[in-house]
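# Breakdown of the fold
What follows is each chain in one-letter form.
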Amino acid sequence: MLTIENLSAGYKDHEVLHEVSLEVPQGTVIALIGPNGSGKTTLIRAISGILHPSRGSIRYEGQDLTKMNVQERSKRIAVVPQIRSLPPAFTIYEVVALGRTPHLNWFGQTSANDDHIIRQSMAQVNLLELAERNITDLSGGEQQRVLLARALAQQTPVLLMDEPTAHLDLQYQVSFLENAHHLAHPSNEEIEMGIKPRAVLVAIHDLNLLARFADMVALMVDGRLVKLGSPTEVLQADILSEAYHLPLITLPDPSNGHLAIFPK
Amino acid sequence: MKHTARPYLISLIILIAAALLSVLVGSVFIPPATLADLVKSGLLGQPSALDPNGSFAAILLKLRLPRTALLVLVGAALSGSGAAYQGLFRNPLADPFLIGVSSGAGAGAVIAMSIQWPYTTLGLMAVPIAAFSGAMLSVLVVTQLARVGKTIPTTNLILAGVSVSAFASALTSLLMINSTGELRRAIVWLMGGSTLTGWNPVLGALPYVIIGLGVLLFLGHPLNVMQFGDEQAQQLGVPVQRVRMVIIFTATLATSAAVAYAGVIGFVGLVIPHVVRLLWGGDYRRLLPLSMICGASLLLITDVVARAILAPQEIPVGIITALLGAPFFLWVLKRSKSQNYW
Amino acid sequence: MKKLLRFTLSLVLLAGLLAGCAAPAAPNGGAIQLTDGLDRSVSLEQPAQRIVSLAPSATEILFAVGAGGQVVGRDSFSNYPASTAELPDVGGSMGDYSFEAIAKLNPDLVVLTEINTPEQVKSLEDLGLTVYYLKNPVALDGLYPMLESVGTLTGHDKEAAALVTSLKERVKKVQDTIAGAQTTPMVFYELDGSDAAKPWTSGPGTFVDQLIQMAGGSNVGAAMQDAWAQISLEQLLVADPDVILLGDAAYGMTPEQVAARNGWQTLKAVKEGKIYAFNDDLVSRPGPRLVDGLEELARIIHPELYK
């Protein structure tokens, strides 16, 4: 679905991404990991159009994304950013409604169908009852879910998430990532209702939760994609130790086989 | 977001009342009987018996009515631009003069005042034309200075705006110090208040204000989205750089015309958007038109005060807006119940 | 560049808008026809009977030619002669006149001078009023045509002519007296002394400068660049004037305050107590009282010739 080929991008005079090639198929969750500065955020910014690539291509279903205008691109790619400072004068409904922007006219007029999608998105993250609350009255976890709902309302086939669990309590981290997994793997009833599986790329730094939700893991070091594969393939002690410059050991959880990663 | 008609109705009623006040009040008192007779005779196309010299009719038609019309345009331009800039820069202290309009206009005006123009239509319009050009030129310089590649970051705009404003102000002060008779004229102009009377200033300002504000009314929703920052707005499909350029150009167009014909009138552009926000929320689709309407009302009311309070002296409007604007805003702020209005 | 294009477009639009407007119409016919200081042709059917003056100098001229009874309104600064206080005030202290008050007085002539702006002329014209603009004379001689014009406009031609003759005689008398002077004292005329280290004085070409010369003195300010100039205390000490005139006496400046200023004690004029308050109106308003000012200056500068 989303094909990145030999992508190089950077800022002013120094390149951050070096010839990254990655395929994000539909119905897959790919976890993007790597130490700080490895280019995870830069990659997401390049895909979403904030950064212009210096070389290489980014395609959606064969269409060159860099040739699209901002609106067209935003109908295919949605981003869940990290929560930074949020403007206080918005209710949850209003924030999620902004997700419909690529599909609306200049005045942002919403139809009954738009309203339905907005409410559905809020329901998907369990925030429907809080619709009229002001966004600053919420906890960090709830705010991050609002941003996810906004991205869902955008109804894009591709979802990018930039460290969405960075400021969340553990239970919210888990439920958020389960949500992300669910977006790529809807239930049969949902598929019958017309909900399509998405392609999801999640930049994350906590290695211990990956196996729960990620179908594939992409490891980036110094702007290059050094390893791509299933969680078991990538989450190997030697590979990770080299990437993070730190001796690490992996320990499987006897109950479910999920790997826990510790420094030695 | 419920879009009811109530805020518009209230604002329009206030505007109509303010306009009536502006036409009816002045340093000369026109008795109600005379006024009624004037209106009657005017509609019938006859001269009025109670106004044999025609001086009352002249006062109404050639002084008060055009002045009212000009102030409506100026008030709307300043408040609409102020609201747009507050949204664009995501800064509650932004006002329409942030990126150099007032100082550029001042420099242009003072330069024009130091030259003796021939007494022709064009010569009389020299000061407003120079002020308008100075304002537009100043903003052009600011945008070019702030440019980084293809983008114009807002921080750069503010910094460049501050520096260019400081430079233009210094230039203006230098010119004023070196002048003799023009000093008082320049000071009065800089304090704000229309020095031109009649319908010419109204016609001169009209196209720019209409175009500028008209386009701004279409940018309410993009401004809402841009409150989340350039990146998120772009990811949501808003062409941020282009919207920014258009807002800067149209707001500058309207504000330059306003300043060219009415001098520098402060506070209106800063305070009114906040008052509207406190009353009716920060949705820019509504904030922009309501700010325009309420700004016109505020300016009309303060002008009435400026004209009447020390009659026959006419205090420059800019002084009154500053004196009244500050406490009025504080009062509204105190009355607001919502804490999350910005 | 797109913005530049839009900018020039706006400018062209603006110019185009105005090109459509016609120039202000000039009246024609009438018994009295004159060209005013803005090269405007002004005509009246008969001498003006209801005059509004928007400048103190114009008011003084009107009264001086005998037209005082025809003045129905004046600006806030007009204060001479004393009877002007009873006339309606039409504004002007902050640069804005009340056009409404002017219109209500229904004048048949409004007189302005260079302290008024061309825009104000236009505004009054738009109200249908007849406006006459008096351009400031550059030298004392330029005063006389102004008096004659005002005399013509108000039907006091004879009085204006008589006034001109008497003024010229008085000027000649001063010049004859001064011809006998042995010295040319240095005079410092202070316009504003709030900053004692850099007081303001009248520069070259101003009335003060000319009158001081005609009164047999030498103006310290003549060495300055601008008409309104600041002189540093150092330069003043070097010039060491014989006489100090306080044009800012009306604002409360006294000789005692000047004598007490830091650094001023070494000045000859301070040591000899030759600091005098001076009525600035006499030398700054382009009107007949300039001659009063000249006579006053001569008496102060050359007291020995007036014993």
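Residues numbered from 1 in each chain as written. Chains lettered and ligands numbered in written order. Predicted model: local features only at pLDDT ≥ 70, side-chain atom pairs only at ≥ 80, totals over all residues.

## Overview of the overall build of chain A
- Counting its secondary structure elements, chain A contains 10 helices and 12 strands.
- Judged by the C-alpha coordinates and their principal axes, chain A covers about 55 × 45 × 40 Å.
- Here chain A holds 264 residues, and 40% of them are scored as buried. (Helix = DSSP H or I, 4+ residues; strand = E, 2+ residues; numbered from the N terminus. Buried ≥ 20, exposed ≤ 12 C-beta atoms within 10 Å, placed from the backbone.)

## Some points on the interface of chain A and chain B
- Each partner contributes residues to the interface: chain A has 21 residues there, and chain B has 22 residues.
- Elements supplying a minimum of two residues to the side of chain A that touches chain B: α2 (70-74) and α3 (92-98) of chain A.
- For the side of chain A that touches chain B, the element with the most residues is α2(A), which contributes 3 residues.
- Split into classes, the residues belonging to the side of chain A that touches chain B amount to 11 nonpolar, 9 polar and 1 charged. (Contact = placed C-beta atoms within 7 Å. Nonpolar A, V, L, I, M, F, W, Y, C, P; charged D, E, K, R; others polar.)

## A word on the environment of C:A161
Residues and elements named next belong to chain C.
- Tracing the sequence through the fold places A161 in helix α6 (residues 157-179).
- You can call A161 partly exposed: it has 15 C-beta atoms within 10 Å.
- For the pair A161 and P145, spaced 16 residues apart in sequence, the C-alpha to C-alpha distance is 9.7 Å.
- Once residues lying within four places of it in the same chain are set aside, the contact partners of A161 are E148 and G151.

## Some remarks on the packing of helix α4 (residues 112-124) of chain A against helix α5 (residues 140-153) of chain A
All names here are of chain A.
- Taken N-terminus to C-terminus, the directions of α4 and α5 make an angle of 140°; their axes are 8 Å apart at the nearest point. Taken together, the axes of α4 and α5 lie oblique to each other. Crossing of α4 over α5 shows right-handed handedness. Residues I117, I118, S121, M122 and Q124 of α4 form the contact with α5, whose own contacting residues are A149, L152 and A153.
- Here the residues of the contact of α4 with α5 sort into 6 nonpolar, 2 polar and no charged. (Axes fitted to C-alpha atoms, helices over the stretch in contact; angles between N-to-C directions. Parallel < 35°, antiparallel > 145°, perpendicular 65-115°, else oblique. Left-handed = near helix turned anticlockwise from the far one by under 90°.)

## A few points about the arrangement of the chains
- Ranking the 2 pairs of chains in contact by contact count places chains B and C at the top.
- A minimum C-alpha distance of 20 Å separates chain A and chain C, which share no contact.

## What to know about the environment of A:V96
Residue and element names in this part refer to chain A.
- Within the element layout of this structure, V96 appears in helix α3.
- Taking C-alpha positions, V96 is 22 Å from I47, a pair spaced 49 residues apart along the chain.
- Residues in contact with V96, not counting those within four places in the same chain, are I118, S121, M122, V146, A149, R150 and A153.

## As for the domain arrangement of chain A
All names here are of chain A.
- Split by domain assignment, chain A resolves into domain 1 (1-76 + 156-236) and domain 2 (84-155).
- Between domain 1 and domain 2, the contact holds 12 residues from the first and 9 residues from the second.
- Elements with a contribution of two residues or more to the side of domain 1 that touches domain 2: α2 and α6 (170-184).
- Counting residues per element, the side of domain 1 that touches domain 2 draws most heavily on α6, at 3 residues.
- Looking at the side of domain 1 that touches domain 2, its residues break down into 5 nonpolar, 5 polar and 2 charged. (Domains from an automatic or database assignment.)

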